[in-house]
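# Fold and geometry: a report
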Amino acid sequence: MTRFGISLGTTQTALLAPIAAAAVAIAPAHAQSSHATVELRLSIPASDLGAALSAFSRATDIQVVVDPALITGKRSAALSGSFTADEALTRLLDGSGLSFTLAGDTALVQQARENPAATRPNIRTSAAAPVQVYRQPAVEQSEPIEEIVVSAGFADSLARALDEKRQASNVIDVISAEDIGKFPTQNLAEALQRVPGVSITRDRGEGLFVRVRGLGPSFQIVNVNGRGAAVNENVRDSGQSGRQFRFDTLPSELVASVEVAKSPTAALDEGAIGGIVNVRTFRPLSLERSTVAGSAVASSPELADTIDPRVSGLASWINDDANFGLLVSAVYDERTLRQDRITGVTWTDESAGVDTDGDGAADTGSVLVPTATRPTLEREDRERIGVNGALQWQPSEDLDVNLDLFYTQLKDHYDELTYSAGFDLSTIVPGSAVITDGVLRAATAEGTSQIGREVSDLRHDNIMVGLNAEYRLGDWTLDADAVYAHAESDTPTPITRTRLLGPVGRVTFDFPQLDDQGGDVVPSVSFLDADLNNPGLLPGRRVEWRDVESTDEELAFQLDARRPIDFAALSELQFGAKYRTRFRDYDRRDYNFTRGVQGRSFDASFFEPFPEGNFLRDAAGSLPRSWVMPNPSAFATQINLAELNAPLSRGDLRNSYRVDEDIASAYAMSNLESNLLGKPLRGNFGVRVARTEQTSAGHADDGTRALPVSFDREYTDILPSLNLAWDWSDDVQTHFAAAKVITRPSLADLAPRLTLNSSGTIFEAVGGNPQLKPFEAWQYDATVEWYFAPGSALLGGVFYKDITTFMTRQRSNLVIDGTTYVLTAPVNGGDASVTGVEIAYQQMLKFLPAPFDGLGVLANYTHTDTEATYYDGARVIKDDLENVAKNSFNITAFYEHAAFAARLSYSWQDDVLQEVGTNGLGSANDKAFGSLDVDLSYRLNEQITVFAQGINVTDEAQLQFVRDDWFSGYTRYGRTLMLGMRAKY
């Protein structure tokens with residue numbers, strides 16, 4: 001028996017066309033209900049009317065049929081005690097302007113009329129939507145009926161998400177599976193960038209991390225079904241992301257909806273100064289019937305010039321009593337990637353100047369100079385599998401049991417080809433230097449080059465198993481939850497890097513200033529005395545060999561209890577406790593083979609032809625676009641793999657670590673229902689207390705030895721929160737929120753590790769700090785929201801975050817084995833503030849004449865101002881906060897009419913600054929970037945829809961810069977086009 005039916009449909013899948021509600025026949029109003037005199041014990045908290053009717057339906061086995069437009073924006077008071085169905089529905093609908101007809105096990109809710117029995121509607125779906133048939137008891141139909149025509153689609157999913165936002169007491173944004181499925185998304189991050197205040201960072205053109213309100217990925221936490229997710233670590237290079245969830249491991253087809261909480265409640269996990277992203281997967285009883293669905297997509301990435309498959313499916317089964325269900329959904333996709341890049345650009349301040357006339361004396365004064373650049377061709381073959389399983393059992397109205405299984409695997413074969421150009425600025429050819437505004441932008445000088453090839457196989461596995469039981473005991477609702485999460489990232493075959501290095505004679509360079517020109521502007525580099533396609537040009541340097549394995553594991557238990565109360569303005573009391581134990585194990589082994597390679601010349605048999613004829617095709621600069629490509633298998637014959645049996649080196653010990661973290665937390669919270677100036681006021685207030693115990697173990701280097709070390713740290717955070725929502729009128733409300741929040745340091749930053757990086761000419765080191773304190777902040781939110789039409793709204797808000805415990809990165813010199821490295825390590829100190837404005841607009845233009853009434857628009861804009869205090873020894877620096885985009889916006893225009901739908905979406909974010917505070921010229925800033933995506937679809941029949949999609953259809957490239965907009969990096973991954981079909985039965 002369907003518990004709660006609405007004429008707009010229920011939970012949608014990302015794989016399927018929209019679903020409208022079934023046709024139902026309603027008996028005459030005078031038909032006697034079997035529930036008329038039976039009293040039921042009910043406990044329904046004050047909430048939005050839709051949620052209250054759903055709770056009523058679940059508790060009584062009475063299906064409620066209602067047009068969502070009638071209940072949008074309406075709320076119901078708390079209901080607790082023994083009532084007949086008539087009494088309960090009357091109380092729930094009190095003051096809503098709605099009435100109901102109860103016939104057998106079905107209740108029809110409709111607009112109140114003087115004589116509600118005069119007509120009885122029949123609900124049918126429009127031709128624009130396939131139907132979902134709900135089982136109904138046979139009832140007599142004795143009078144002519146009127147029809148209510150409803151439809152479903154992208155616009156309707158936006159309306160439901162907007163209503164969920166409106167009913168929440170805290171500041172949230174929601175997207176549903178219909179939203180996700182209706183955009184060309186390669187993973188969930190790319191769907192989230194449509195949310196107000198959310199932008200993403202990309203890797204190889206695919207969304208990797210999310211930013212909320214300008215704050216970087218490290219300030220967010222990601223949950224799956226309200227549970228903390230284990231995190232896959234970067235194992236491709238020495239950079240580590242710590243606690244940042246990798247969205248490239250999460251296919252969007254497995255997701256039912258996503259909620260982004262921007263203001264926390266005491267019941268939510270602590271750890272996010274930016275936002276809490278909660279991913280909800282599909283569950284069988286939410287689909288309300290047995291379902292089979294699937295999709296198939298062919299994807300064509302332009303630069304890779306290939307066709308990649310992507311298939312997904314969902315199957316769910318529900319028993320006849322609709323109290324037990326099973327669901328399995330899965331996705332498999334392959335993706336071929338190519339990126340054309342210029343990276344490794346280094347700039348330095350020459351305070352003493354450089355010699356430009358050849359007399360041996362500096363003659364420029366202080367000048368900013370480039371010292372190297374590195375054009376790079378990156379190719380990848382990715383294979384991703386995702387599986388979601390769910391079991392639901394509701395043996396009675398008092399017990400609800402859920403078992404969730406979530407698994408993803410990402411395999412990645414990576415192949416990188418690169419050459420570098422390094423400049424010895426003590427050998428500038430007289431008369432060749434060009435200096436602009438204190439910057440040596442062009443010159444000819446003696447140079448060196450390193451040609452390299454990196455080949456690796458990477459694997460990321462992520463599994464989560466969660467068990468939840470909710471039990472209603474009188475007025476109490478008890479909730480118990482247990483979860484095991486495990487993420488493993490490793491290199492099934494070692495990463496190998498083959499490198500050749502040597503002098504190349506005279507090199508001419510010319511670096512652009514990005515403000516000077518638009519388009520794909522890159523440096524010009526010319527090797528006057530060398531041909532990079534000559535196999536004998538450079539002698540061998542070494543073959544590098546690296547094994548990496550990272551394990552992240554968490555086990556958590558949580559108990560919650562809540563009950564309605566009626567004391568002053570308090571309507572519900574809730575409290576709970578949670579215990580989490582987590583560890584991160586990171587092991588890395590490096591070995592450099594030099595014997596048999598270093599200083600040797602190699603003939604053509606050790607190289608392969610350059611694979612691409614259009615490298616940097618659209619780049620404006622003039623530079624070599626092909627070079628010799630080392631064959632790793634050939635070079636492997638020249639090294640002795642038995643050397644790998646040597647004991648772990650000091651470097652291996654310094655790079656490896658383990659962090660253990662135990663968190664015990666408890667909270668108490670109360671919901672509010674009251675009036676302010678005669679208008680409804682609702683919300684919640686509470687406090688969360690979290691006790692964190694950390695142990696960081698690894699090895700420290702004293703300059704000659706790596707010694708085992710272990711550090712323990714404990715701290716307690718008391719985190720109060722307040723959320724209020726005040727309904728000024730039927731269509732205007734305001735939110736106010738205040739909370740103390742924290743973000744714990746990255747697990748990699750907490751590790752006592754030391755990683756040395758050397759190109760042969762540049763010596764850098766990265767370290768951790770086990771004594772780091774968490775970021776702490778007070779944050780405040782205020783919004784005004786005008787819901788001026790069904791599914792439409794104009795929203796404005798301001799937010800402020802006062803970060804009182806701040807972390808920055810300090811640079812210092814470190815001597816290891818007689819070599820001086822520039823060490824970058826995190827330290828506490830200083831403070832920061834974030835002030836911002838959010839504006840969002842959504843409207844369905846149904847007032848336009850047909851066929852233009854299918855138009856709609858969705859737009860949002862976020863502005864963020866930051867200020868941070870950095871300490872460099874005794875020097876105090878005031879600057880912007882790093883890794884923050886000052887401005888970002890999204891705009892989507894869509895059209896739905898009959899079987900046709902079209903959507904265009906443009907997402908843009910401003911410059912993201914890294915070269916701030918104590919960060920030097922080695923921290924490249926990201927230039928503003930925008931991407932246009934397109935989706936066209938046509939429904940062939942009630943089951944099958946075909947579609948065409950495009951990602952980055954304008955083929956935009958990403959640029960990086962340092963001080964005063966001087967070029968520092970270029971990445972082009974091209975556009976991706978897709979054709980596909982989805983079906984549901």
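About the criteria used
- Residues numbered from 1 in each chain as written.
- Predicted model: local features only at pLDDT ≥ 70, side-chain atom pairs only at ≥ 80, totals over all residues.
- Heavy atoms only, no water.
- UniProt positions renumbered as here; feature names shortened; annotations may be inferred.
- Helix = DSSP H or I, 4+ residues; strand = E, 2+ residues; numbered from the N terminus.
- Buried < 20%, exposed > 50% of the residue type's maximum accessible area, 1.4 Å probe, protein only.
- Contact = heavy atoms within 4.5 Å.
- Areas by Shrake-Rupley, 256 points an atom, 1.4 Å probe, with all protein chains shown as cover.
- Core = buried A, V, L, I, M, F, W, Y, C linked by side-chain atoms within 4.5 Å.
- Phe/Tyr/Trp six-rings, centres within 6.5 Å; stacked < 30°, edge-to-face > 60°.
- Lys NZ or Arg CZ within 6 Å of the ring centre and 35° of its normal.
- Pairing = 2+ DSSP bridges.
- Polar contact = N/O pair within 3.5 Å; in protein donor to acceptor, adjacent residues only side chain to side chain.
- Salt bridge = Lys/Arg side-chain N within 4 Å of Asp/Glu carboxyl O.
- pLDDT = per-residue confidence, 0-100.
- Expected span 1.5 Å × (residues − 1).
- Patch = residues over 30% accessible without salt bridge, like charges linked within 9 Å, V, L, I, M, F, W, Y side chains within 5 Å.
- Arc of directions from axis to C-beta.
- Axes fitted to C-alpha atoms, helices over the stretch in contact; angles between N-to-C directions.

The protein chain appears in an unreviewed UniProt entry as TonB-dependent receptor from Steroidobacter gossypii. Quoted verbatim from the Sequence similarities (unreviewed entry) heading of the UniProt record, the comment on the protein chain is "Belongs to the TonB-dependent receptor family." The UniProt entry for the protein chain carries the following comment under Subcellular location (unreviewed entry): "Cell outer membrane".

Tallying secondary structure elements over the protein chain gives ten helices and 52 strands in all. Here the protein chain holds 985 residues, and 59% of them are scored as buried. For the protein chain, contacts bridging at least 24 residues in sequence account for 73% of all contacts bridging at least 6. Carbon and sulfur atoms make up 55% of the accessible area of the protein chain, which totals about 36300 Å².

Of all hydrophobic cores here, the largest spans 58 residues; its most connected members are Ile342, Trp347, Leu440, Phe527, Trp627, Phe967 and Tyr970. The element that contributes the greatest number of residues to this core is strand E25 (residues 439-473), accounting for five residues. When sequence neighbours within four positions are dropped, the list of residues in contact with Trp347 reads Leu368, Val369, Pro370, Val439, Leu440, Phe511, Leu921, Val962, Trp966 and Phe967. In this structure, Leu192, Ala229, Val260 and Val277 belong to the second largest nonpolar core, which totals 30 residues.

Moving on: the packing of aromatic side chains. Applying the stated rule across the entire model yields 27 aromatic pairs. By way of ring pairs, the aromatic residues Trp347, Phe423, Phe509, Phe511 and Trp966 are connected into one cluster. When the ring centre of Phe961 is taken as reference, the NZ or CZ atom of Lys927 above it lies at 5.0 Å.

Right, let's talk about the pairing of strand E38 (residues 775-789) for a bit. Note: strand E35 (residues 732-743) against E38, twelve bridges, orientation antiparallel. Its bridge partner being in E38, Ala738 is matched across the sheet by Tyr780. Of the strand pairs in this sheet, E38 and strand E39 (residues 792-805) are connected by twelve bridges, and their pairing is antiparallel. Its bridge partner being in E39, Asp781 is matched across the sheet by Phe799. Hairpin connection from E38 to E39: two residues lie between these consecutive antiparallel strands, with Gly791 at a positive phi of about 75 degrees.

Now for the side chain of Asn170. Looking at the secondary structure, you find Asn170 in the loop between helix H4 (154-167) and strand E11 (172-176). Within the structure, Asn170 has its side chain in polar contact with the backbone oxygen of Ser263 (distance 3.0 Å). In contact with Asn170, other than residues within four places in its own chain, are Ala261, Ser263, Thr265, Leu268, Asn723 and His735.

Here we come to the pattern of salt bridges. One pass over the full model with this rule turns up 64 salt bridges. Note that Arg243 and Glu661 form a salt bridge whose closest N and O atoms lie 2.7 Å from each other. With Arg243 in the loop between strand E15 (227-228) and strand E16 (255-261) and Glu661 in strand E32 (residues 657-676), this pair connects stretches of sequence that are 418 residues apart. Considered together, Arg243 and Glu661 belong to a single accessibility category, that of buried residues. For Asp248, the salt bridge goes to Arg246, with nearest N and O atoms at 2.9 Å. Pair check on accessibility: Asp248 and Arg246 agree, each one buried. Linked by salt bridges that have partners in common, Lys165, Asp173, Arg213, Lys262, Asp781 and Glu838 make up one network.

Overall, the prediction assigns the protein chain a mean pLDDT of 84, with 87% of residues at 70 or greater. In this model residues 1-34 is a low-confidence stretch, pLDDT under 50, and it forms 152 contacts with partners more than four residues away in sequence or in other chains. Here residues 114-152 is a poorly scored stretch, pLDDT under 50, and it has 102 contacts once near neighbours within four places are set aside; other chains count.

End to end, H4 covers 20 Å across 14 residues, agreeing with the expected 20 Å (1.5 Å per residue, within 8%). Every buried residue of H4 is accounted for by Phe154, Ala155, Asp156, Ser157, Leu158, Ala161, Leu162, Asp163, Lys165, Arg166 and Gln167.

What follows deals with the pairing of strand E52 (residues 976-984). With nine bridges joining them, strand E18 (residues 291-301) and E52 adopt antiparallel strand pairing. Looking at the pairing, Ala296 lines up with Met981 of E52. As judged from the eight bridges shared by strand E49 (residues 944-951) and E52, these two strands associate in the antiparallel manner. Note on E52: the bridge partner recorded for Gly950 is Leu977.

Moving on, we get to unusual backbone geometry. Following Ala850, the chain continues into Pro851 via a peptide bond in cis, with omega recorded as 5 degrees. Secondary-structure assignment places Pro851 in the loop between strand E42 (832-844) and strand E43 (855-872). At Asn225, a position not held by glycine, the phi torsion is positive, near 55 degrees. Inspection of the secondary structure assignment puts Asn225 in the loop between strand E14 (220-224) and E15. The buried category is assigned to Asn225, whose relative accessible area is 19%.

Glancing now at a nonpolar patch on the surface. Side chains of Leu403, Leu405, Val465, Leu467, Tyr484, Leu555, Phe557 and Tyr579 sit close together on the surface and give an oily, nonpolar patch of about 660 Å² of accessible area. Assignment of secondary structure puts Tyr484 in strand E26 (residues 476-510).

Moving on to helix H3 (residues 85-92). Within the span of H3, buried status applies to Ala85, Ala88, Leu89 and Leu92. All buried residues of H3 fall inside an arc of 95 degrees around its axis, so they share one side.

Quick look at the sheet that holds E14 now. Within the open sheet, the five strands sit side by side as E11-E16-E17-E14-E15. Their pairing is mixed. The sheet is open, and its two edges are formed by E11 and E15, each paired on a single side. Here H4 sits on the sheet and contacts E11, E16 and strand E17 (275-281); the angle it forms with E11, its principal contact strand, is near 155 degrees.

With that settled, consider the environment of Leu403. Within the secondary structure, Leu403 is located in strand E22 (residues 399-419). The exposure class of Leu403 is partly exposed, given its relative accessible area of 36%. C-alpha separation for the pair Leu403 and Asp481, spaced 78 residues apart in sequence, amounts to 9.9 Å. If near-sequence neighbours (up to four positions away) are discounted, Leu403 is found in contact with Gly389, Ala390, Leu391, Val465, Gly466 and Leu467.

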